[in-house]
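Chain by chain, the residues run as shown.
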Amino acid sequence: MKWKKYTLKTTVEAEDLISTMMMEAGIEGIEIEDKVPLSERDKQQMFVDILPEFPEDDGTAYISFYLEPEADQEEMLEKVRAGLTEIGSWGTDIGAGTITASETEDKDWINNWKQYFHQFYVDDILIKPSWEETAPQDEDKLLIQIDPGTAFGTGMHETTQLVIRQLRKFLTKDTVLLDVGTGSGILSIISLKLGARRAVGTDLDPCALLAVKENMEANGIDASLFEMRIGNIIDDPEVQAWAGEGCYDIVAANILAEVLVPLTPVALSRLKPGGVYITSGIIDDKEELILETVKAWGLEVLEVTRQGEWVSVTARKPL
């Protein structure tokens, strides 16, 4: 299906009001482009350690929206124009307010991303999406089925693979795992499939709840073995209280180095004496920062592993 795409040129000041107006008018699939610098919180939630240089913010914003071909295009455009007039009457600068039209390519918007995710191996673990078959030669592999959706990773990234290998080294049948930044749930799922007793996850994105639930079910994981909470365990007392203290054998965190720094004392207090802290998401030039951090909090560095330009630091809480 070829959708009609419309792009409105406006201002950063008006983008929230206009987006709300469009949604109330019945428009779905809104995209906003501007040059507003990322906040520190935004940066912490991105899966990159080195951000690209962005152009200077000039106050301009572009809001794109999509209409099905059979929809009454003019009627919806009139609603948008009327909404712009009303917002402008409130004294809000809507900028140029011009709308340009184009046509999208014929794509399946829900499923098109699937072409980029194929099965892969982490040693003897086969990680695959539900839409691919398992080859006969892979029947002896530990099968992990992950459908990440459009919001979460697949496990293909080097940082995730580094954590998976460390989990295999330190995990036992009695392990209780705290998975900080659960995402698709891949680390918790692998841990439970390897025999861990229980896993607990936290994530900032509410979409993770459904993604993890579906992936747990796809892998035949008993729901009683996993609990999850949305919130920031670093600074949210409610999440910290829910997670508990001194009750985890392993805390795993595949997060940016800058987030691992404030997370480390929180992870330390969650670990049992002798518990293991597995970190990843560390670009190689931030390795010393994390090593200094874990040592400063009294953790014993057990191992530093590398894959490509990424680093994982594994440390132990004193007995």
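Residues numbered from 1 in each chain as written. Predicted model: local features only at pLDDT ≥ 70, side-chain atom pairs only at ≥ 80, totals over all residues. Heavy atoms only, no water.

A few points about the overall build of the chain
Within the chain, the secondary structure is distributed over nine helices and 14 strands. Taking all 319 residues of the chain together, 44% fall into the buried category. For the chain, the share of sequence-separated contacts (at least 6 apart) that also reach a separation of at least 24 residues comes to 69%. (Helix = DSSP H or I, 4+ residues; strand = E, 2+ residues; numbered from the N terminus. Buried < 20%, exposed > 50% of the residue type's maximum accessible area, 1.4 Å probe, protein only. Contact = heavy atoms within 4.5 Å.)

Some thoughts on the sheet that holds strand 10 (residues 226–230)
Strand order in the open sheet formed by seven strands is 10-9-8-11-12-14-13, with mixed pairing between adjacent strands. Edge strands, defined here as strands with exactly one partner in the open sheet, are strand 10 and strand 13 (300–307). Taken over all neighbouring pairs, the strand axes of this sheet differ in orientation by 15° on average, direction set aside. As defined by bridge partners, strand 13 adjoins strand 14 (residues 310–316) across seven bridges and the pair is classed as antiparallel. From the neighbouring strand, arginine 306 faces strand 14, where its bridge partner is valine 311. Of the strands in this sheet, strand 8 (176–180), strand 11 (248–254), strand 12 (271–283), strand 13 and strand 14 are in contact with helix 4 (residues 158–170), which crosses strand 13 at around 135°. Contacts between helix 5 (residues 186–193) and the sheet are confined to strand 8, strand 9 (198–203) and strand 10, with strand 8 contributing the most and set at about 165° to the helix. (Pairing = 2+ DSSP bridges. Axes fitted to C-alpha atoms, helices over the stretch in contact; angles between N-to-C directions.)

Details of the packing of aromatic side chains
For the coordinates displayed, the defined rule picks out one aromatic pair. Pairing tyrosine 6 with phenylalanine 65 gives two aromatic rings, centres 5.5 Å apart and planes at 25°, and the pair type is stacked. Taken together, the residues tyrosine 6 in strand 1 (residues 4–11) and phenylalanine 65 in strand 3 (residues 60–67) connect sequence positions 59 residues apart. Both residues of the pair, tyrosine 6 and phenylalanine 65, belong to the buried class. (Phe/Tyr/Trp six-rings, centres within 6.5 Å; stacked < 30°, edge-to-face > 60°.)

Some words on the pairing of strand 3
Moving residue by residue along a regular strand, the side chains alternate between the two faces of the sheet. Of all eight residues in strand 3, seven are buried; the element is thus mostly enclosed. As judged from the eight bridges shared by strand 1 and strand 3, these two strands associate in the antiparallel manner. Bridging from a neighbouring strand, lysine 5 pairs with tyrosine 66 of strand 3. Of the pairings in the sheet, the one linking strand 2 (residues 31–34) to strand 3 comprises four bridges and is antiparallel in character. Bridge assignment links aspartate 34 to a residue of strand 3, and that residue is alanine 61.

Section: the pattern of salt bridges
For the structure shown, the criterion picks out 15 salt bridges. If you follow the salt bridges from partner to partner, you end up with Glu74, Glu78 and Arg81 in one network. (Salt bridge = Lys/Arg side-chain N within 4 Å of Asp/Glu carboxyl O.)

On their own, these measurements won't tell you what the molecule is for.
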